[in-house]
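Listed here are the chains, written in short residue letters.
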Amino acid sequence: MAVDLTAQNTIDLDRLAYAIRVAETADCSLGYGAMYQNCYGIKNGSIAPCEHIGMKNMCIYNSPEESTQAFKKIWTEGYGGGFPTRSMAAVWTGNDSPDDWLKNVTIAYNQ
């Protein structure tokens with residue numbers, strides 16, 4: 001599935017990173033966030049390859065800040081930046097409840 005790169009709207013990338021952290025791992029406190037300091041559910045890939053890899057090809061980071069740096073690189077280079085669209089959400093989540101994910105990201109971003 002191709003990523004819709006037409007969402008070149010202006011956003012606060014730090015706020016978006018926080019919102020996606022909340023949607024993915026309850027601000028890095030659950031799942032891979034707590035286990036691997038991987039706050040975004042990032043798998044090893046070509047844009048931001050990781051040195052250490054855990055279960056299901058998930059990146060293991062030394063700190064939440066390191067995962068945030070990887071997220072920002074992936075989001076700007078691979079998703080074109082901007083606020084996520086429905087198609088971006090489908091790609092990011094592997095089509096696992098993208099509408100719920102996008103709703104949760106939007107709520108967290110606007111808080």
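Scroll up to find the structure this text is about.
An account of the accompanying structure is given in this report. A quick note: this is a predicted structure, and the numbers were derived from the prediction, not measured. (Residues numbered from 1 in each chain as written. Predicted model: local features only at pLDDT ≥ 70, side-chain atom pairs only at ≥ 80, totals over all residues. Heavy atoms only, no water.)

### Looking at the packing of aromatic side chains
Going through the model one piece at a time under the given rule, you end up with eight aromatic pairs. Pairing Tyr32 with Tyr36 gives two aromatic rings, centres 5.6 Å apart and planes at 25 degrees, and the pair type is stacked. One end of the pair is Tyr32 and the other is Tyr36, both in helix α2 (residues 31-36) and four residues apart, which spans about a single turn. Taking NZ or CZ as reference, Arg15 lies 4.3 Å from the ring centre of Tyr109, over its face. (Phe/Tyr/Trp six-rings, centres within 6.5 Å; stacked < 30°, edge-to-face > 60°. Helix = DSSP H or I, 4+ residues; strand = E, 2+ residues; numbered from the N terminus. Lys NZ or Arg CZ within 6 Å of the ring centre and 35° of its normal.)

### Some points on the state of the cysteines
All chains considered together, the criterion is met by two disulfides. Through a disulfide, Cys28 is tied to Cys39; the S-S separation comes to 2.0 Å. Across the S-S bond linking Cys28 and Cys39, the dihedral sits near -80 degrees, which makes this disulfide left-handed. You can see Cys28 sitting in the loop between α1 (13-25) and α2 and its partner Cys39 sitting in the loop between α2 and β1 (52-53), a full eleven residues away along the chain. Exposure remark for Cys28: the relative accessible area of 14% places this residue in the buried category. Paired by a disulfide, Cys50 and Cys59 hold their sulfur atoms 2.2 Å apart. Note on the Cys50 and Cys59 pair: the S-S dihedral is about -75 degrees, so by sign convention the disulfide is left-handed. Under the relative-accessibility criterion, Cys59 is labelled buried at 0%. Taking only the cysteines that form disulfides and numbering them from first to last, the chain has the pattern 1-2, 3-4. (Disulfide = S-S within 2.5 Å. Buried < 20%, exposed > 50% of the residue type's maximum accessible area, 1.4 Å probe, protein only.)

### Details of the nonpolar core
Grouped burial of nonpolar side chains is what soluble globular proteins tend to show. Counting residues in each nonpolar core, the largest one holds 26 residues, and the members touching the most others are Ile20, Ile42, Phe71, Trp75 and Trp92. Taken together, the elements giving at least two residues each to this core come down to α1, α3 (64-78), α4 (86-92) and α5 (98-110). Among the elements that take part in this core, α5 stands out by supplying five residues, more than any other. Setting aside anything within four residues of it in sequence, one finds Ile20 in contact with Cys39, Tyr40, Phe71, Trp75, Trp92, Trp101 and Val105. (Core = buried A, V, L, I, M, F, W, Y, C linked by side-chain atoms within 4.5 Å. Contact = heavy atoms within 4.5 Å.)

### Quick notes on the packing of α1 against α5
Running from N to C, α1 and α5 point in directions that differ by 130 degrees, and their axes come no closer than 8 Å. Taken together, α1 and α5 sit at an angle that is classed as oblique. Considering only the axes of α1 and α5, their crossing is right-handed. For the pair α1 and α5, contact is made by Arg15, Leu16, Tyr18, Ala19, Ile20, Val22, Ala23 and Glu24 and by Trp101, Asn104, Val105, Ala108, Tyr109 and Asn110, respectively. (Axes fitted to C-alpha atoms, helices over the stretch in contact; angles between N-to-C directions. Parallel < 35°, antiparallel > 145°, perpendicular 65-115°, else oblique. Left-handed = near helix turned anticlockwise from the far one by under 90°.)

### Some thoughts on the environment of Met58
Among the secondary structure elements, Met58 is positioned in the loop between β1 and β2 (59-60). Taking the C-alpha atoms as reference points, Met58 and Thr76, 18 residues apart in sequence, are found 20 Å from one another.

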